[in-house]
Amino acid sequence: LNLVKKIYYEFSPSTYTEKAIFEKIEKAVRLNNTGQLMILDLGCGGGNNRLTAYGTVHGVDVSEASVENARKVYDAATVVDATAGLPFQDDSFDMVYCTEVLGHISHEHKEFFLSEARRVLRPGGYFVGSSETAGNNWYTRWLKRRGIYDLYWVEPWGHIGLISPTETVKLIKKFFNVLETEKTSTWIPALDAVVALDQIFSLLKIFRNTTMIRLGNMLIAVPFRMSIMFSEYDSANNIVLLARKDFVA
């Protein structure tokens, strides 16, 4: 069972982004060279157990239910209004971890959101995470032509502030020195079929729930990775990045 889990984690598209993020975190930890870190999980959801290995973690989120769950994982968690600022002093954290959040922040609030992330991060600290993006790929173009992009990709997930990968990096560069960035998701139609199969088989009780998703993800691992390698940068629906708050002279 452990071998299956290891193979799944190494090759599945579902874990590709998570692996890329924690590779960036490991690099930030090595570069930081300060031992245990003070970490802010900005948009923490229910928390991430893996993050606690690197130091003290404080999570913030707009959802009270998410914060309640995060308190079971982190040293502290707080409900915040993302458009009203963060309840921390300047230079409070060694790392700001922010995954799958920026695409949920409206266009008019993005710069303030990032300025607050910069404010609470100490000089020399690292901003690490991922962001959903408005990928210019065949599937997105097809959805837009049919007038159902918002129905399938924006409204169900709260993606009210999607911008292209290039625009996302350009925006983040206003506040941080972006050291590394990579695309981590492009559209593979088989993923939709795998989700449907999982729902069918779970209803029929032939397999445990998620069995088909795991099997399907491993089967399409090769075309998924090839699509990332050979597609244009702005085709991506998600990017991962490592950035730093540089010292100000």
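Placed above this text is the structure.
Residues numbered from 1 in each chain as written. Predicted model: local features only at pLDDT ≥ 70, side-chain atom pairs only at ≥ 80, totals over all residues. Heavy atoms only, no water.

A. Region of the structure containing the overall build of the chain. Assigned secondary structure in the chain consists of 10 helices and 7 strands. Within the chain, residue pairs in contact and separated by at least 24 positions form 75% of the contacts whose partners lie at least 6 positions apart. For the chain, the exposed area adds up to about 13,100 Å²; of that, 57% sits on carbon and sulfur atoms. (Helix = DSSP H or I, 4+ residues; strand = E, 2+ residues; numbered from the N terminus. Contact = heavy atoms within 4.5 Å. Areas by Shrake-Rupley, 256 points an atom, 1.4 Å probe, with all protein chains shown as cover.)

B. Here's a closer look at the pairing of strand β1 (residues 37-42). Buried residues dominate β1, accounting for 5 of its 6 residues. Direction of pairing for β1 relative to strand β2 (residues 55-61): parallel, over a ladder of 6 bridges. Considered in β2, the bridge of L40 is made with H58. As judged from the 3 bridges shared by β1 and strand β4 (residues 93-99), these two strands associate in the parallel manner. The partner of L40 across the bridge, within β4, is V96. (Buried < 20%, exposed > 50% of the residue type's maximum accessible area, 1.4 Å probe, protein only. Pairing = 2+ DSSP bridges.)

C. Representation of the pairing of β2 in the model. Among the 7 residues that make up β2, 6 are buried, leaving the element largely enclosed by the rest of the structure. The pairing of β2 with strand β3 (residues 76-79) spans 4 bridges and is parallel. Directly across from V60, in β3, lies its bridge partner T78. The handedness of the β2 to β3 crossover, carried by helix α3 (residues 64-70), is right-handed. (Right-handed = clockwise from strand over helix to strand, strands pointing away.)

D. Structural view of the nonpolar core. In this structure, L40, L42, V96, F113, L114, F127 and F176 are the most contacted members of the largest nonpolar core, which totals 28 residues. Among the secondary structure elements, those contributing two or more residues to this core are β1, β4, α4 (110-120), β5 (121-132), α7 (165-172) and β7 (238-244). Ranked by residue count, the leading element in this core is α4, at 4 residues. Counting 21 residues, the second largest nonpolar core, distinct from the first, contains A28, M95, Y97 and V128. (Core = buried A, V, L, I, M, F, W, Y, C linked by side-chain atoms within 4.5 Å.)

E. Highlighting the side chain of K245. Note that K245 resides in the segment after β7. Here the side chain of K245 touches L121 through a polar contact of 2.6 Å, landing on its backbone oxygen. Excluding its chain neighbours within four sequence positions, the residues that come into contact with K245 are D91, R118, R119, L121, R122, P123, G124, G125 and F176. (Polar contact = N/O pair within 3.5 Å; in protein donor to acceptor, adjacent residues only side chain to side chain.)

F. Local environment of the pattern of salt bridges. Taken as a whole and judged by the stated rule, the model has 12 salt bridges. Here K24 ties to E182 by a salt bridge, and the two come within 2.7 Å at their closest N and O atoms. Of this pair, K24 sits in helix α2 (residues 13-32) while E182 sits in strand β6 (residues 177-185), and the two are 158 residues apart along the sequence. Looking at K24, the relative accessible area reads 6%, which means it is buried. When its relative accessible area of 25% is taken as the criterion, E182 is described as partly exposed. (Salt bridge = Lys/Arg side-chain N within 4 Å of Asp/Glu carboxyl O.)

G. Inspection of the sheet that holds β3 at higher detail. Here 7 strands make up an open sheet; going across it, the order is β3-β2-β1-β4-β5-β7-β6 and the pairing mixed. Each end of this open sheet is capped by a strand with a single partner; those strands are β3 and β6. On average, each strand axis in the sheet is tilted by 15° relative to the strand beside it, whichever way the strands run. In this sheet, β5 lies alongside β4 in parallel orientation, the contact comprising 6 bridges. Each bridged residue has a counterpart across the sheet, and for V96 the counterpart in β5 is F127. (Axes fitted to C-alpha atoms, helices over the stretch in contact; angles between N-to-C directions.)

H. View of the environment of Y8. Locating Y8 in the fold gives a position in helix α1 (residues 2-11). Separated by 213 residues in the primary sequence, Y8 and A221 have C-alpha atoms spaced 9.6 Å apart.

I. Spotlight on the packing of aromatic side chains. For the coordinates displayed, the defined rule picks out 7 aromatic pairs. A ring pair is formed by F127 and F176, whose centres lie 4.6 Å apart and whose planes are at 15°; its orientation type is stacked. Taken together, the residues span a long stretch of sequence, with F127 in strand β5 and F176 in the loop between α7 and β6 at a distance of 49 residues. Assessed through its relative accessible area of 4%, F127 is described here as buried. With centroids separated by 6.1 Å and ring planes inclined at 15°, the aromatic side chains of Y139 and W142 adopt a geometry described as stacked. Residue Y139 and its partner W142 are located together in helix α5 (residues 138-145), separated by 3 residues, close to a single helical turn. (Phe/Tyr/Trp six-rings, centres within 6.5 Å; stacked < 30°, edge-to-face > 60°.)

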